[in-house]
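A closer look at the structure
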Amino acid sequence: MKGVTLIKAISASAAAFMAFSVSAPAQAPELALLNSLQKGEWTLKARGSDNGGQKVCLGDPGILLQIKHSGVACSRYVIQDTPNSIRVSYKCGSFDHGVTTIKRESSGLVQIQSQGIEGNAPFSFSVEGRRTGTC
């Protein structure tokens with residue numbers, strides 16, 4: 001009889017635990033640094049490079065987190081989130097992934113470092129992102 005009572009108590013405790021641990025689907029985190037950036041045309045240019053750089057229309061500043069995997073749905077994990085620096089790890093499918101760090105110098109100037117795997121090949125780069133106009 002004591003065994004049945006103990007099993008019922010454990011079952012009730014487990015049910016209560018599960019009720020509190022199941023929650024609504026997670027929302028995408030609001031990253032303070034990304035929300036502080038000016039929308040518009042941005043130029044991403046390799047540090048020390050003389051070429052014109054890559055132009056992007058920054059409607060969703062989240063695209064700066066996965067430049068090498070742009071347009072791909074990836075899951076993200078926020079490692080660090082401060083008003084002037086963020087570091088995010090992301091995974092796209094079974095193989096592609098990366099880690100990106102963005103440091104904010106102003107609402108129109110950021111430094112971006114990213115490394116990871118794209119198409120079974122490693123990548124690593126540092127670029128400066130600067131707002132250059134409207135789009």
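Computed from a predicted model, the values in this text were never measured in an experiment.

Calculation notes
Residues numbered from 1 in each chain as written. Predicted model: local features only at pLDDT ≥ 70, side-chain atom pairs only at ≥ 80, totals over all residues. Heavy atoms only, no water. Core = buried A, V, L, I, M, F, W, Y, C linked by side-chain atoms within 4.5 Å. Buried < 20%, exposed > 50% of the residue type's maximum accessible area, 1.4 Å probe, protein only. Helix = DSSP H or I, 4+ residues; strand = E, 2+ residues; numbered from the N terminus. Contact = heavy atoms within 4.5 Å. Pairing = 2+ DSSP bridges. Polar contact = N/O pair within 3.5 Å; in protein donor to acceptor, adjacent residues only side chain to side chain. Disulfide = S-S within 2.5 Å.

Brief notes about the nonpolar core
Ranked by size, the top nonpolar core spans 22 residues in total, and within it Leu 34, Leu 37, Ile 102 and Ile 112 carry the most contacts. For this core, the elements supplying multiple residues, two or more each, are helix H2 (32-35), strand E1 (40-46), strand E2 (54-58), strand E4 (85-92), strand E6 (109-118) and strand E7 (121-133). When residues of this core are assigned to their parent elements, the largest contribution, 4 residues, is made by E4. In this structure, Leu 37 is in contact with Trp 42, Leu 58, Leu 64, Arg 104, Ser 106, Ser 107 and Val 110, ignoring residues within four places of it in sequence.

A short note on the pairing of E6
One face of the sheet, then the other: side chains in a regular strand alternate in exactly this way. Across 9 bridges, the pairing between strand E5 (residues 96-106) and E6 is antiparallel. In the sheet register, Ser 106 faces E6, and the bridge partner there is Leu 109. Connecting the antiparallel pair E6 and E7 is a turn made up of 2 residues, with Gly 119 showing a positive phi of about 55°.

Comments concerning the environment of Asn 84
Note that Asn 84 resides in the loop between strand E3 (75-82) and E4. C-alpha separation for the pair Asn 84 and Ile 102, spaced 18 residues apart in sequence, amounts to 8.2 Å. The contact partners of Asn 84, leaving out residues within four places of it in the chain, are Leu 33, Ile 102, Lys 103 and Arg 104.

A look at the environment of Thr 134
Within the fold, Thr 134 resides in the segment after E7. What makes Thr 134 exposed here is its relative accessible area of 65%. Residues within four places of Thr 134 in sequence aside, it is in contact with Gly 40 and Glu 41.

A few points about the side chain of Thr 43
With respect to the helices and strands, the residue Thr 43 is situated in strand E1. Classification of Thr 43 by relative accessible area gives buried; the value is 9%. Within the local environment of Thr 43, its side chain forms a polar contact with the side chain of Thr 132, the two groups lying 3.1 Å apart. Excluding its chain neighbours within four sequence positions, the residues that come into contact with Thr 43 are Gly 52, Gly 53, Gln 54, Lys 55, Glu 128, Gly 129, Arg 130 and Thr 132.

Observations concerning the state of the cysteines
In this structure the tally under the stated criterion is 2 disulfides. The side chain of Cys 57 participates in a disulfide bridge whose partner is Cys 135; the two sulfur atoms lie 2.0 Å from each other. Note on the Cys 57 and Cys 135 pair: the S-S dihedral is about 70°, so by sign convention the disulfide is right-handed. Of the two residues, Cys 57 sits in strand E2 while Cys 135 sits in the segment after E7, which places them 78 residues apart along the sequence. The exposure class of Cys 57 is partly exposed, given its relative accessible area of 46%. Overall, the relative accessible area of 61% leaves Cys 135 in the exposed class. Between the sulfur of Cys 74 and that of Cys 92 lies a disulfide, 1.9 Å long from S to S.

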